[in-house]
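# Tertiary structure, described
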Amino acid sequence: MEPDASIESARMIRVAVVAVGNIPSAQLRDYVALVLRQKVVPLQCASLFYKEHQKSPFAQQSWETGSLCFKFLVGGAPKSPWEDFQAHRKCLGVIGLIHCPTTPDIGAAYDNFMAICKGYPSAQEKRCFALYPRDGQVELDDKKRQHLVMFPPDRQILESHMQTLMQDFAASLLMAFESWVLHAEPVGAILTTPLDSQASLNSEEVSKAKKRRLGRIQKTIGDYCLLAGSPVDANAHYSTAIDLARLTGDLFWHAGAIEGFVSALVVHRGGLKDPQLEDEVKLRYYEIISLYRRATALSFELEAILKLARFLDRRELASYVSDMLTSAVESSKALLDASDRLVLNVEVSRILGGLGYERKAAFYARQVAQLYQQQDSCWAAMSALQVLTLTSRTYRVQSKAAACAKANTLMELLQEKDVSSNSGKAQDSSQEVGADGQWSTLQMDILGDMLAAAVRAGDPLAAWSAAARLVRGHYPLITPSAQFGLATALTTAAERLPRGTRCSDPALPFVRLHSYPRLPPEMEVVKRFAGKKDWWVGASSAGPFIYTPAKGNENETKAEVIWVVGETMQVLVDLANPCAFEVNVESISLSVESGEIEAFPVSVLLPPNTSQVVSLSGLPLSVGSLVVRGCIVQCFGVITEHLFEEGGELFSGVALSDPFRSVGGPRITQSIPTSIEVMPPLPLLVAEVVGGEGAVVLYEGEIREMHIRLANAGVVPVVEATMTLTGKQREHVLSLGHDILNAALPLVPGACVVIPVRLKAGQPTTEPEFFGSKGHGLSTGKPSKDPACPMLVIYYAGPPVETRDIKTKAVVPPSLPPGRRLGLPLQLHVLRGLYLEQARLLSMEVPAQVSRSLPDPENTETPPSPSTLVKIDPYRGSWSLLLLELELRNATDVLFEISVSVNSGKEGIDEETADDGDVKDTLYPSTRIDQNHSARVLIPLDRFKLPGLDKAFLARTLAKKYGLTKQDSKARESAERQAKAELNATIEELSSRIRVKWHSGRNSAGELPIKDAIRGALKLSAIEILLPDPLTFGFRLARSSRNSSFQGLSLVANDGQGKTEDSDQVNSGTIGSADSVVAHELTAIEMLVRNNTHEAVTLTLSVTCRDVTGASCLGSTQAKTTVLWAGALNGVDVQVPALGEVVHAFALCFMVPGQYTLLGAAVINDLPDDSLVAKAKVPFSEIAQEPLCYSGPPFTVNVTGIS
């Protein structure tokens, strides 16, 4: 059987094309292509070289429309034993090709060509083409080499010369055919076939052979007429041959004549088909097949079936043709020649493929491959590999390179378009079938055959590709031992390949994109918008919650990945090895498209049935959009590309064959962006704390200045920078060095600046490793980040830059580049140093001694001497003291020195300014507290009293406190709320003015947080501490203590704006021996009564004198009179103006030396005032019936004996 047989094959003139001498492969392909272009030569063109020596036997030949068709056999072909039966099986011409540059001796090459032509005795014409000859080779040529033709060394005219010579070659063959037909003699012709030699030539057979000669010679003449392009003449001879063969019973030649008749009929129609022609062809071929069957010529019978099937190759008759081919294949089992079975399966596969039955075509192609593999030849193995490669597309196991390749010819495109919808549905359904594993098993068989064929053919790359596809696509169905065999096959094939060989089919491991890691805080990129000054506002994704549901979906769908040119970026990739053997990934790196990147490879070792997340890095080199499509992997000695889109697909249609799930890998549900935006180079600030990376360890209340070094590690200067604070406990940062940072701009690459940050420690941290000593805390290393610590955020940006477009390389105008966000947590770990155990309020009152002077009430704002601890109350006239006691504990192993200071009370003083010591007063010298010891600090509070009682200020609050309100109203409630707010403001101001500062060592200093303790201690006693008494009493010795006449004593009223003359004189005196009182002498004494309210009151004054036993000394009935007096001591009615004072003078004569006590009292005659009632602490019901009495503090009088 012959391949590619068709009804029109009878008109094809076979010409052998052979290479003569040494010809490079590229040149040989070029020359063969030149010859193959001349497959059809019109008779009109061949007529230019045709010479009619005698009358042509082709009377019906059409020179206008006829043509000669050639079938070039590249490399030649062996002689067929059926050449006499069919003339088109003869090789009627030989063309030799000589490449002159590599063939110096053309004569020897020509002799070689003539020797080759002896193997083709049927050749009617011979040509030896010498291409690109040199001048010397042309000169040495002589005329004896009649078949040698030298082409001019000009490529442009080479094709035209080849066309001309092929027309001459066709004309020569035509004249040779005429000569053979004219000289054909039936008597001397011997036309036999292998079938004739099977019978013994007895007398009867000899007589039959003589009778059959005429029919056979007529059939052969018809073959030559058809080869010469005259189908009408051929039909005439075929008709005669048919009649003669029928009469002689020559079945085989009878079938051949009918077959030639059908061929001439189809050629005469010029390829046009109609139903009548098809019916006639079918009818004729049924007869042909029957005759061949009767003649026991099975190969010709099957060949006739193939020719009929190829002629009826259209969709309407697809089912009919398929059944006919199936019966032919069944009949081919009786063929003895394996090559005939091979040709039959090839042709059946080709015809079924043209009809759209791809699965059937692939099945018969597999039969062809198996027949090739049965041959013990390397060339047969290569042919089997090529056939399996063609069928791999149908079985969906084709190589990635073959899958991506496009159809090369128009016929392939037409065949793809002509596939019927029904067959397409059948294919889809057949591909969907496979849940039971049959489809996967079939695919495994195909890949196994390809692997075996590639090994036998010595093609290591094809073997590696087949093994890779087999182990990657069907690992769940392969046993562990078979998996080890495939690993060995991969390694063996790689050893035979050159180092660095690439293959389009990936093997292991499976690769999947895991995620794009977020940039670290020091490299975060923030987009900027033109016209927005505070471009960083809203850029941070941080919020008060860990997760915001409203932004969750938005972040997932609008996730954006930003890289920067020149900065190393990371990509997390999942690797999975679901097989039983270990996979050594020699190198794996990123693969991108539409962008430039320098990828950094890494090596990974994957144990059996495991997965691993690997971080791959790369350096972007250009600005624009970049897509990371996969990884370049070198594994098993070959470099392959693994695409991310192939990593998670289910292979082979087998359930649970996801490689990542089978090895327990992570499950990725979130969408990962595919496009990455690459920004131009940006500045990069690197921040570090001067002195170490650990947290700043402070004592509670400590104030310290830390330094942060900012260095520009990028290639672009920083021209804009802004510092802000975020997070919790921002109040612990007192100041930032904004001025220093702005002065350092622009910060060029490589430059650095040190920024001071002033901190104040708050509450102690809860981490146990930082408790104890400060030095011990510093040695613990870098602690974990505390979310409660403040965050120093620096937003910075570089200058506008020019970029170039990747495709056009055009310069893009300067644009506003994005900025960056640098976040540095200020890790403050506070130790418990000097702490407050408790705070108490202490009160102490000591009677004052009567003297000639009293403190000036208008000079209360003048601070006393620091050495004076106990200070006299200028309003009450007695030695009285209110103290705030703070008990401090030092639980550390260091020393503390504390000092109490008070601000001057000026408003608007900054806390930072107050720390400098410009606006504070030290109450007393510093106190030292040793380690593991306690100390008590006393803070006097009497100096903080208010100058007077304002009824609108605190009266309503006092009335509400003591239950004096009879009926409330909205206005009164509003006033009370206002009064309460003012009182709280006063307490707050007082607690803020007192400060306890400490020092420890050389650099540690801070302030003890006692504000809350003072506020708590003053909360219950704020009235007694802040407000003075409504009436204050004082006693002093008059200027002349020995005046015997007291008629001039009088009451003097002072409104608070001035002083009496006596007061000035007394205050100007000195305290000395004149202040002493002598017994038996009349001593003039003055009682001062001061009204601390803002309203005038009318009083009835009285004076009482008592001895050391507490008994009255003024002559009561129960006691003996020991003191004589002059002046009024009872019932003295006076009116005291608002914030004023009165002086009542009297004289006493002490009869017995000793210590006496003077007490002043007053009865208020007018209606009670709220402030007076508050101090009296008498229920309102009793005040309404009895007058309000008020008694002053005691004053001591020391009486000495007679001098």
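Rules of the game
- Residues numbered from 1 in each chain as written.
- Predicted model: local features only at pLDDT ≥ 70, side-chain atom pairs only at ≥ 80, totals over all residues.
- Heavy atoms only, no water.
- Helix = DSSP H or I, 4+ residues; strand = E, 2+ residues; numbered from the N terminus.
- Contact = heavy atoms within 4.5 Å.
- pLDDT = per-residue confidence, 0-100.
- Buried < 20%, exposed > 50% of the residue type's maximum accessible area, 1.4 Å probe, protein only.
- Pairing = 2+ DSSP bridges.
- Axes fitted to C-alpha atoms, helices over the stretch in contact; angles between N-to-C directions.
- Salt bridge = Lys/Arg side-chain N within 4 Å of Asp/Glu carboxyl O.

## With respect to the environment of Phe581
Looking at the element boundaries, Phe581 is found in the loop between strand 10 (569-577) and strand 11 (583-593). Separated by 28 residues in the primary sequence, Phe581 and Asn609 place their C-alpha atoms 8.2 Å from one another. Leaving out residues up to four positions away in the same chain, Phe581 has contacts with Val471, Gln483, Phe484, Ala487, Leu508, Pro608 and Phe636.

## Some details on the confidence of the model for the protein
Interpreting fine coordinate detail is not advised for predicted regions of low pLDDT. Per-residue pLDDT for the protein has a mean of 77; in total, 74% of the residues score no lower than 70. Every residue in residues 855-877 is under pLDDT 50, and counting partners more than four places away or in other chains gives 39 contacts. Low confidence marks residues 1041-1073, where pLDDT is under 50. Its contacts with residues over four positions away, or in another chain, come to 58 contacts.

## A closer look at the environment of Gly1006
With respect to the helices and strands, Gly1006 occurs in strand 37 (residues 1004-1008). Relative accessible area serves as the criterion here: at 3%, Gly1006 is assigned to the buried category. Sequence separation between Gly1006 and Gly701 is 305 residues, and the spatial gap between their C-alpha atoms is 5.2 Å. The residues contacting Gly1006, other than those within four sequence positions of it, are Gly701, Glu702, Ile703, Lys997 and Trp998.

## Some points on the sheet that holds strand 22 (residues 733-736)
Each strand in a sheet pairs with its neighbour through backbone hydrogen bonds, running either in the same direction (parallel) or in the opposite one (antiparallel). The strand order 18-20-23-22 describes an open sheet built from four strands, whose pairing is antiparallel. The open sheet terminates on both sides in strands that have one partner only, identified here as strand 18 (685-689) and strand 22. Each neighbouring strand pair of the sheet contributes to a mean axis angle of 25°, computed without reference to strand direction. In this structure, strand 22 lies alongside strand 23 (residues 752-760), joined through three bridges in antiparallel fashion.

## Description of the pattern of salt bridges
Applying the stated criterion to the full structure yields 35 salt bridges. Across the pair Glu720 and Arg528 runs a salt bridge, and its minimum N-O distance is 3.2 Å. One end of the pair, Glu720, is in strand 21 (residues 720-726); the other, Arg528, is in the loop between strand 8 (524-526) and helix 21 (549-557), and 192 residues separate them in sequence. Take Glu720: its relative accessible area is 25%, and that puts it in the partly exposed class. Among the ionic pairs, Arg629 bridges to Glu641, the shortest N-O distance being 2.6 Å.

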